Every structure is written in structure tokens, then in C-alpha cells.
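Examining the three-dimensional arrangement
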Amino acid sequence: IGLKYTDKNSRVEKVITFTVKGYIEDIFFSSSDTGYMGFYLPEDTYNKVANILDNDSYKAQVIYADLDSIKNAAAMESDIREILQLNSASLVAGDASSMLVSIDIDLISVSRCMMANMLAIMMVVFALVIAVVCLLVVRFRINNSIEEDIIKIGSLKSVGYTILQFLTIAGVGSIIGIALSYLTLPSISSVFEQQSGLKWEQGFDIIISSFTLFLLLFIVAVVTLLAARHINKLTPVHALRGETIARKNKKNHIPLDKIKGRLSIALALKSIMQNLKQNIMIAFILIAVSSAGTFGVIMYYNTAIDVEAFKKVPGMEICNVIAVLNPEMDQSSAVRTIKDMDEVKKAQYLDESKAKIDGNEVAIYIMDNYSTKGTKLVYEGRYPEKTNEITLAGVLADRIGKKVNDTVTVRFGDNEKEFKVVGLSNGASMGGINASILSEDFNQLNTNFKSQALYIYLEEGTDVEEFIKKLNNKIDKDMLLATTNFDKVMEEGMASYQNIVGVMGATMLVITILVVGLVLYFIVSSSIIRKRRELGIQKAIGFTTMQLMNQMSISFTIPVTISAAIGSLLGALYTNPLLSTIMKSGGIMKAQFIVDIGWVIGFGIAVVIFSYLLSMLITLRIRKISAYSLVTE
């Protein structure tokens, strides 16, 4: 593995090569979420590397501290900051000699568990949707099974026969499903390891597995009892005739002698009205799975196709390069030089520091003019435009009980000032405990403050690494203290999240299609069995197999189309509110993921086409039905 660094004198990028001998788990320095990645070296190797990296920007002192209470972490950090007069709070770029970064166990917990918790909630919600769908299918299948075996059941006159049959099937299926879930856990854990930096080894959990098995068996038993409750009223005479106790006299909603248009479509509509309960059940199932599928489509789109909205999740200003300038020198000439470079679209200061807001240690973003900010994160109100205005992160506002138009007190050292809250913003940066004020205001709180972090936005297509090399050659090294390839930082930081959420979205999409296929298979197959006599008679009077296939497929496609449209609409409308609820603890108070209407409509159309083609495939068995075979049977 190679460690890249820039030579202090020549400013040429070099590489130190290491041989990997093992892997460790380190909750502080094993994930990009905390801002730092680390590795372990033997003492002699460490000293050699330290001599090679003889540059102030590579030096840091790490202190581990055990506190009486985690609540004291902010106070301890504040005290150290005041004693050493260290102002910088940036995790991306800054003068190492004036930087103090505190990483407490709560921040570690958020960085390690936020994504896992978010996906766990998604998986549980999705699993509940699938479970409800499966129960509806089970109920439908049991009802149809009773109808198919009506002679046998009527002769036996036993509900226990039916319960035992389905409990056996449910038991075998549940055991196989639980076993398969353990086989998939390694692939799931490997995805989480990319983000958390921690290895997850899940053994067999007898309590959860047993609870899941018995819960499923209990639910199937209840559903079977409810579905088979009419058997006790069934007489052997009705059973031997193949009749159920269901009311057979139904209103003729679509008289064929009065209908105009194609007969196959009229018969399909008539079938829909005759099987209204079944179609309502199909509608509920398809609305649920289409909503879940749309959620998966939106997640996949935002992590694999258009990632701009996903990049805003950390709550950081998105640029291409961050140049850290010497605050003790006159920067005006260097800034003009940078702005005049051909590759530069614009450049502006955006600094970070620490201050106290109503007694809480908070990261403060400092900027001259927020109207030029490239990444807009405010979800309510606006950014500061006048002096004594402040924008609070939503998490911070909730914590201190503030809303837009309220006032807060900002304190830095011995100076304090009142600000009016003019906006609330999203963002997981600094655990969502941050705020934004104007440079003019912060200068009054900290008279020694000088801007140093220059955010540089490059023209599209510019090679960032080449630009940084050119920048290092143009600006004196005493002025240019450090440069950060922000594109690379974002790419590395977001890669694990994109992979996890993208895989989750794609998985939900695939499962949605499989569930739709399973539901249609059971329902269409059962309908063919139930209507064998009717289909045989229709064949005898001249209907072709293709006409009957189309007739039956259309009768299912119509409710599927309506349900897919409703489900896709619900998914499009409620994906962001759902994500806001799930991601609130991580600082995302109002999710603003892109809902591409084209993709949502495309998914809905794909579900309809898939349903129609699958129905046609399943109804192929109609070709084996004939009036002759029904008579001989």
C-alpha cells in the first residue's frame, strides 16, 4: 500500500510503500466519517516515516481522555481551545499548527451507527411491507385451496386438516427462509464494514430465530382459521357438488348484450367486477410493493445516476479545491492570482471555527456573502444577509429549542453577542451541531480572526491534481500552507455510503419485482383452476386460447395499472419525508433527494408491462383446457 505525500522542499508528490501485515479495528481512525484514517507502524518504521514527513502540516498530537461524563467533553475541548488559543475546527483543511479537533464517543457512535441504523429501519419497514403482502397472498392461497379441495374437506369436515396442511408448509418454508438469511448475512456485513471500519460476525441467534419461526406459524394459523371458518357450515352435499357456502347470486354489472366494443375487453371488465374482493386485495398488495419499489428507484437514482443531492448529505460546501492561506500574511495578491487562473470559475473564503451558542459548543461556519454559496442547505428561512443574523443546523435548533425569528447568544472567549435566527439548515457535518454567521459578526467576537480557507471552484473538465500542482508552483509556499483535493475527499468519503444505499435501493427494486411476480403467479394460477369450466365452455363456443389469455391477463393488468400508478405516486411523494424521519438523528432534518419523474413513471410502466407479460406466460396453461377434457374428467 502506498502513502502519498508532498515533499516539503521540492513540492513533488512522492510515495512511501508499505507491506500490509494485518488488519485492525479502531473506532477512532478507521473510517473517513471522523475525518481521519489511520494505520499502525512499528516504532522504528514510525520514526523513519516521521523524518521523511518533516512538515508541520503532517504533525499532530493525539490525546485519549477518559471523562467522568460524556457531557463534559465539550467543556474540556473549550478549555483546551482557550488555553492554547486554537480556533480552527475544520476536518477538511486548515493550518495544523492552529487546529484542534475533538472526536468524542458520541460522534463516533453517530459516524459508525448512523448509516447502519438508517438502513436497518429501511430494511425493517420494507420487511414489514413484504410480510403484509405475503400474508394477503397466504390468505388468498388458503381460500383458493379450500375451494379446490372442497369435496375432500367437506367429507372430512375438519378444520384441523386444513390448519395442519398450511402449518406444515409454513414451518418448512420459514425454516428454509431463516437458514437462507444467515447465508446472506456475510454479504450484508461486508457492505457495512466499508462504512464502519468494524468487522461484524453474526453467529446463530436462537432467540431471534425461534421468535421469528413461532410468530410466522402463529400468524399462518390465525389466517387459516379465519379463512376456513366457513367450513363448519359446509354440508357434505354441497361439498360433493363442489359448491361452497359463498353467495353465488351476483349482480350483472356489465351485460354483454348491451356493451359495445371488443368482447375480450368487455369480458375482462366483467371478470374484474365479479372478482372485486380479489382485485381490491391485488390493489393493496401492488400499492404497497410499488411504493417500496419507487423508494428503491429513487435511492438508486440518487446514488448511481445523479449524486448531486446525495453529496449534500454531509452538509459541506462542495467545491473542487480548498487552499489554506497564511493568516499572518497579506493574502490579497495570492487571492487575485488564484482568481485570475484560467481554470478557476470562482474562489471565496469559507472558514470554520468553534464558539458557544447558548452554552453549547458549536462549529461555526464563517462567510462574507452567503448568496455566492454553491451548496444551499437551508430548508427553512435563509442564510444570514445582515449583521446579527444566524442560521442554525436543524439538530442544533431542536437541541436548544429554537426556531426561525428566535434569538440566541453566541460567545467566543470573553465576547458575546445576540443573533436573530433567520434560517435552519440540513447537514450531518459535526454531528449536525453547527451554525452559519457572517465574517463581519465573527470578527467582532474574535478580533484576531483572519480568513484562511479559500474554496476554489474549477471549470468543468479541469484535472484537479494538475491544477493543485500548478497552484503550488504559482503561490509561494510560505503563503500557501496546504491544499486539499476536495473532489477526491468527497469521492472517498461518499463511496461507502453510495455503495450501501445503492445496493439497498437495487435490492428493494429486485425484491419488488419478485413479489409482484409471486403474487401474480399465485392469483392467476388459482383463477385458471377456479374458472376451468368457464374457460372450457368459452373454448367450446369458439374462443381461441390467445383470446382467453388476453382476456384474463387484461383483467389482472387493469388493477395492476391503477395500483402501480397510485403506489408510484405515493413513493414519489413520501420518500423524502420518510428519509427525513430516518435520517433526522444524523442531521438531515428535511431530505431533499431528487425525485426524477421520468424514472418513477418508467418504473410504474415497467411493473405494468412485466405484470402483463407474466400473466400471459402463466395463462399459457389455458391451452390444455377443453370442453372434452372437462367432460372426461
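A few points about the overall build of the chain
- Looking only at helices and strands, the chain features 19 helices and 15 strands.
- When each of the 633 residues of the chain is scored for burial, the buried share is 45%.
- Within the chain, contacts between residues separated by at least 24 positions form 77% of all contacts whose residues are at least 6 apart in sequence.
- Surface summary for the chain: the accessible area is close to 33700 Å², and the carbon and sulfur share equals 59%.

Topic: the packing of helix 16 (residues 532–540) against helix 17 (residues 545–583)
- Packing of helix 16 against helix 17 leaves a shortest axis separation of 10 Å and a crossing angle of 140 degrees. Looking at the two axes, helix 16 sits oblique to helix 17. When the axes of helix 16 and helix 17 are compared, the crossing they make is right-handed. Where helix 16 approaches helix 17, its residues Leu535, Gln538 and Lys539 are matched on the opposing element by Thr545, Leu548, Gln551 and Met552.
- Split into classes, the residues belonging to the contact of helix 16 with helix 17 amount to 3 nonpolar, 3 polar and 1 charged.

Some thoughts on the pairing of strand 7 (residues 351–357)
- Of all 7 residues in strand 7, 6 are buried; the element is thus mostly enclosed.
- Here strand 7 pairs with strand 8 (residues 360–367) via 7 bridges, running antiparallel. By the bridge assignment for strand 8, Ile357 is matched with Asn360.
- Here strand 7 hands over to strand 8 after 2 residues, with Asp358 in that stretch at a positive phi of 50 degrees.
- The pairing of strand 7 with strand 11 (residues 407–412) spans 2 bridges and is antiparallel. When the bridges of strand 11 are listed, Lys356 appears paired with Arg411.

Here we look at the pattern of salt bridges
- With the rule as written, the count across this model stands at 9 salt bridges.
- The salt bridge partner of Glu343 is Lys470, with a shortest N-O separation of 3.0 Å. Remark: Lys470 occurs in helix 14 (residues 464–474) and Glu343 occurs in the loop between helix 11 (332–339) and strand 6 (344–349); sequence separation between them is 127 residues.
- According to the relative accessible area criterion, Glu343 is buried, its value standing at 18%.

As for unusual backbone geometry
- Even without being a glycine, Asp358 presents a positive backbone phi close to 50 degrees.
- Here Asp358 is to be found in the loop between strand 7 and strand 8.
- Judged by relative accessible area, which is 34%, Asp358 ranks as partly exposed.
- In this structure, Asn388 takes a positive phi of about 65 degrees despite not being glycine.
- Relative to the helices and strands, Asn388 is located in the loop between strand 9 (378–381) and strand 10 (389–393).

Comments concerning the pairing of strand 8
- Most of strand 8 is tucked away, with 7 of its 8 residues classed as buried.
- In this sheet, strand 13 (residues 434–438) lies alongside strand 8 in parallel orientation, the contact comprising 5 bridges. By the bridge assignment, Met367 is partnered in strand 13 with Leu438.

Notes on the sheet that holds strand 14 (residues 453–458)
- One open sheet holds the 4 strands; their spatial order is 6-14-5-15, and the pairing between them is antiparallel. Strand pairing shows two members of the sheet lacking a second neighbour, strand 6 and strand 15 (480–485), which therefore form its edges. Direction aside, neighbouring strands of the sheet carry axes that sit 20 degrees apart on average.
- Where strand 6 and strand 14 come together, 5 bridges link them in antiparallel fashion. Bridge pairing links Gln348 to Tyr455 in strand 14.
- Of the strands in this sheet, strand 5 (321–325), strand 6, strand 14 and strand 15 are in contact with helix 14, which crosses strand 15 at around 175 degrees.

Some remarks on the side chain of Asp406
- Within the secondary structure, Asp406 sits in the loop between helix 12 (394–400) and strand 11.
- In terms of polar contacts, Asp406 uses its side chain to reach the backbone amide nitrogen of Lys403, at 3.0 Å.
- Each residue touching Asp406, except ones within four places of it in the same chain, is listed here: Gly401, Phe419, Lys420 and Val421.

A look at helix 17
- For helix 17, built from 39 residues, the straight-helix expectation of 57 Å at 1.5 Å per residue is met to within 8% by its first-to-last C-alpha distance of 53 Å.
- Of all the bends in helix 17, the largest measures some 45 degrees and sits at Tyr574, one to four residues before the proline Pro577.

Some thoughts on the packing of helix 9 (residues 276–305) against helix 17
- Direction vectors running N to C along helix 9 and helix 17 enclose 40 degrees, while the axes themselves pass 6 Å from each other. Judged on the interaxial angle alone, helix 17 and helix 9 are oblique. The interaxial crossing formed by helix 9 with helix 17 has right-handed handedness.
- For the contact of helix 9 with helix 17, the class distribution of residues is 16 nonpolar, 11 polar and no charged.

Considerations on the nonpolar core
- Among the nonpolar cores identified, the biggest contains 70 residues, and Met122, Leu286, Leu579, Met583 and Phe593 are the most heavily contacted of them.
- Going through the elements one at a time, helix 3 (105–148), helix 9, strand 8, strand 14, helix 15 (486–530), helix 17 and helix 18 (597–618) are the ones with two or more residues in this core.
- Ignoring any residue separated from it by four or fewer positions in sequence, one finds Leu286 in contact with Val516, Val560, Ser563 and Val607.
- In terms of nonpolar packing, the next biggest core, distinct from the first, is built from 27 residues, Ile357, Ala393, Val408 and Val421 among them.

What counts, and at which threshold
Residues numbered from 1 in each chain as written. Predicted model: local features only at pLDDT ≥ 70, side-chain atom pairs only at ≥ 80, totals over all residues. Heavy atoms only, no water. Helix = DSSP H or I, 4+ residues; strand = E, 2+ residues; numbered from the N terminus. Buried < 20%, exposed > 50% of the residue type's maximum accessible area, 1.4 Å probe, protein only. Contact = heavy atoms within 4.5 Å. Areas by Shrake-Rupley, 256 points an atom, 1.4 Å probe, with all protein chains shown as cover. Axes fitted to C-alpha atoms, helices over the stretch in contact; angles between N-to-C directions. Parallel < 35°, antiparallel > 145°, perpendicular 65-115°, else oblique. Left-handed = near helix turned anticlockwise from the far one by under 90°. Nonpolar A, V, L, I, M, F, W, Y, C, P; charged D, E, K, R; others polar. Pairing = 2+ DSSP bridges. Salt bridge = Lys/Arg side-chain N within 4 Å of Asp/Glu carboxyl O. Polar contact = N/O pair within 3.5 Å; in protein donor to acceptor, adjacent residues only side chain to side chain. Expected span 1.5 Å × (residues − 1). Bend = angle between axes of the 7 residues up to and from the residue. Core = buried A, V, L, I, M, F, W, Y, C linked by side-chain atoms within 4.5 Å.

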